[in-house]
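# Per-entry structural report
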Amino acid sequence: TMNFLEHYEPLLKAFWYIALPVSIFFLLQTISTFIGLSGSETDADSHDGDGDMPFELFTLRNLINFLLGFSWTGISFYQSVENKTILIGISVLVGLLFVGVFFFLIKQILKLSEDNSFKIENTINKTAEVYLTIPENKSGKGKIQISVNGSFHELDAITNSSEKLTSGSAVKVVAVEHNLVIVEKI
């Protein structure tokens, strides 16, 4: 079936023997990923919660990416690079580059899947600005403006302080009770 490889030198044959099956596998893997057939054990799902490395270094997908870059670089530069040791070195570097690019892309995709929904508990220990005056000693509600995850929120606020907190005052959220933030002047 691979008769066209008969007259090639052994190294070029090796590059082709790697490139063809790996390319087919990569194509099938990519198609299955885009139509949602990749199982629940994808590289993006296999994080242990350590935050820094949400994917493992030695996976089938990384091996495929490495071999793809390695083999096609070897084929592409076979005629133009006379020294075959240098050719293999360049091919290894491009293979590693393919794995690095994949890591970068997965990291960007994982950023998109982060849960950035607003949770009032995330306001604790953050600073805010009083928007509507907050009466003293929990005798009534006011409002604060606070930035959480890059977006501004207006929240009902009360204070335990014996003085009212006027509009424009800087405050710190010290607790949350029943969708109310409890603040104190900074």
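What counts, and where the lines are drawn
- The residue numbering used here restarts from 1 in each chain and proceeds along that chain's sequence as written.
- Thresholds applied to this predicted model are a pLDDT of at least 70 for local features of residues and 80 or more for the giving and counting of side-chain atom pairs; totals over whole chains, interfaces and linings are not thresholded and use all residues.
- Side-chain calculation: all heavy atoms of the structure are included, whereas hydrogens and water are not.
- Every case where a carboxyl oxygen of Asp or Glu lies within 4 Å of a side-chain nitrogen of Lys or Arg is listed as a salt bridge.
- Secondary structure elements follow DSSP: runs of H or I of four or more residues count as helices, runs of E of two or more count as strands, with numbering from the N terminus.
- Burial here depends on accessible area, computed with a 1.4 Å probe over protein chains only, as a share of the maximum for the residue type. Under 20% is buried, over 50% is exposed, and the range in between is partly exposed.
- Axis geometry follows a simple rule: fit a line to the C-alpha atoms, using only the stretch in contact for helices, then measure angles between N-to-C directions, giving values from 0 to 180 degrees.
- Throughout this description, any angle smaller than 35 degrees is read as roughly parallel, any larger than 145 degrees as roughly antiparallel, any in the 65 to 115 degree range as roughly perpendicular, and the remainder as oblique.
- Note on convention: near helix rotated counterclockwise from far helix by under a right angle means a left-handed crossing. Clockwise means right-handed.
- Whether two residues are in contact is decided by their heavy atoms: any pair within 4.5 Å suffices.
- Charged means Asp, Glu, Lys or Arg here, nonpolar means Ala, Val, Leu, Ile, Met, Phe, Trp, Tyr, Cys or Pro, and polar covers whatever is left, Gly included.
- Patch membership needs two things, relative accessible area over 30% and no salt bridge, and members are linked within 9 Å if like-charged or within 5 Å if nonpolar (Val, Leu, Ile, Met, Phe, Trp, Tyr).
- Computed with a 1.4 Å probe, the accessible areas rest on the Shrake-Rupley method; for each residue, only the protein chains presented here act as cover.
- Here the aromatic set is Phe, Tyr and Trp, taking the six-membered ring for Trp, and pairing holds for ring centres within 6.5 Å; pairs whose planes are under 30 degrees apart are stacked, those over 60 apart are edge-to-face, and all others are tilted.
- Two conditions define a charge located above a ring, namely a distance within 6 Å from the ring centre to NZ of Lys or CZ of Arg, and an angle within 35 degrees of the ring normal.
- Across the chain, each position has a pLDDT score giving the predictor's confidence in that residue, from 0 to 100.
- Whether two strands pair depends on DSSP finding at least two bridges between them.
- The criterion is simple. A nonpolar core is a set of buried Ala, Val, Leu, Ile, Met, Phe, Trp, Tyr and Cys residues joined through side-chain atoms within 4.5 Å.

### Some points on the pattern of salt bridges
- This model, assessed by the stated rule, comprises two salt bridges.
- Between Asp156 and Lys141 there is a salt bridge; the shortest N-O distance is 3.8 Å. Here Asp156 is found in strand β3 (residues 151-159), whereas its partner Lys141 is found in the loop between β1 (127-132) and β2 (142-148), with 15 residues between them in sequence.
- You can call Asp156 partly exposed: its relative accessible area is 25%.

### A look at the packing of helix α2 (residues 60-77) against helix α3 (residues 84-112)
- In the contact formed by α2 and α3, the axes pass within 7 Å of each other and the chain directions differ by 140°. By the angle between their directions, the pair α2 and α3 is classed as oblique. Of the two elements, α2 crosses α3, and the hand of that crossing is right-handed. For the pair α2 and α3, the contacting residues are Arg61, Asn62, Asn65, Phe66, Leu68, Gly69, Phe70, Thr73, Gly74 and Phe77 in the first and Leu87, Ile88, Ile90, Ser91, Val92, Val94, Gly95, Leu96, Phe98, Val99, Phe102 and Phe103 in the second.
- For the contact of α2 with α3, the residue count by class is 14 nonpolar, seven polar and one charged.

### Re a nonpolar patch on the surface
- A surface patch of nonpolar side chains, about 570 Å² in accessible area, is lined by Leu97, Phe98, Val101, Phe104, Leu105 and Ile109.
- One can find Phe104 in helix α3.

### Description of the packing of aromatic side chains
- This structure, assessed with the given rule, holds five aromatic pairs.
- A centroid spacing of 6.4 Å and a plane angle of 85° characterise the contact between Phe4 and Tyr8, whose relative ring orientation is edge-to-face.
- Classification of Phe4 as partly exposed rests on a relative accessible area of 42%.
- Given a relative accessible area of 32%, Tyr8 falls into the partly exposed group.
- Ring centres of Phe66 and Phe70 lie 5.9 Å apart, and the angle between their planes is 15°; on these two criteria the pair is classed as stacked. Of the two residues, Phe66 and Phe70 are both situated in helix α2; the distance of four residues between them amounts to about one turn of the helix.
- Each residue in the set Phe4, Tyr8, Trp16 and Trp72 is aromatic and connected to the rest through ring pairs, giving one cluster.
- Lying across the ring of Tyr78, Lys84 places its NZ or CZ 4.0 Å from the centre.

### Things to note about the confidence of the model for the chain
- Looking at the chain as a whole, the pLDDT averages 87, with 89% of positions reaching at least 70.
- Contacts from residues 39-54, a stretch scored under 50 in pLDDT, to residues over four places away or in other chains number 16 contacts.

### Focus on the pairing of strand β4 (residues 170-177)
- Looking at chain direction, β1 and β4 are connected through three bridges and run antiparallel. Across the sheet, the residue bridging to Glu129 is Ala170, located in β4.
- Sheet topology note: the β4/strand β5 (residues 180-185) ladder contains six bridges and is antiparallel. By the bridge assignment, Val173 is partnered in β5 with Val183.
- What sits between the antiparallel neighbours β4 and β5 is a turn of two residues, in which His178 has the positive phi angle 45°.

### So, the nonpolar core
- Membership of the largest hydrophobic core comes to 16 residues, with the highest contact counts inside it found for Leu12, Phe15, Trp16, Ile75, Tyr78 and Leu87.
- Secondary-structure elements contributing two or more residues to this core are α1 (10-34), α2 and α3.
- The biggest single contributor to this core is α3, with six residues.
- Excluding residues that lie within four positions of it along the chain, Tyr78 makes contacts with Glu9, Leu11, Leu12, Phe15, Lys84 and Leu87.
- Among the nonpolar cores identified, the runner-up in size contains 14 residues, and Ala128, Val130, Leu155 and Val183 belong to it.

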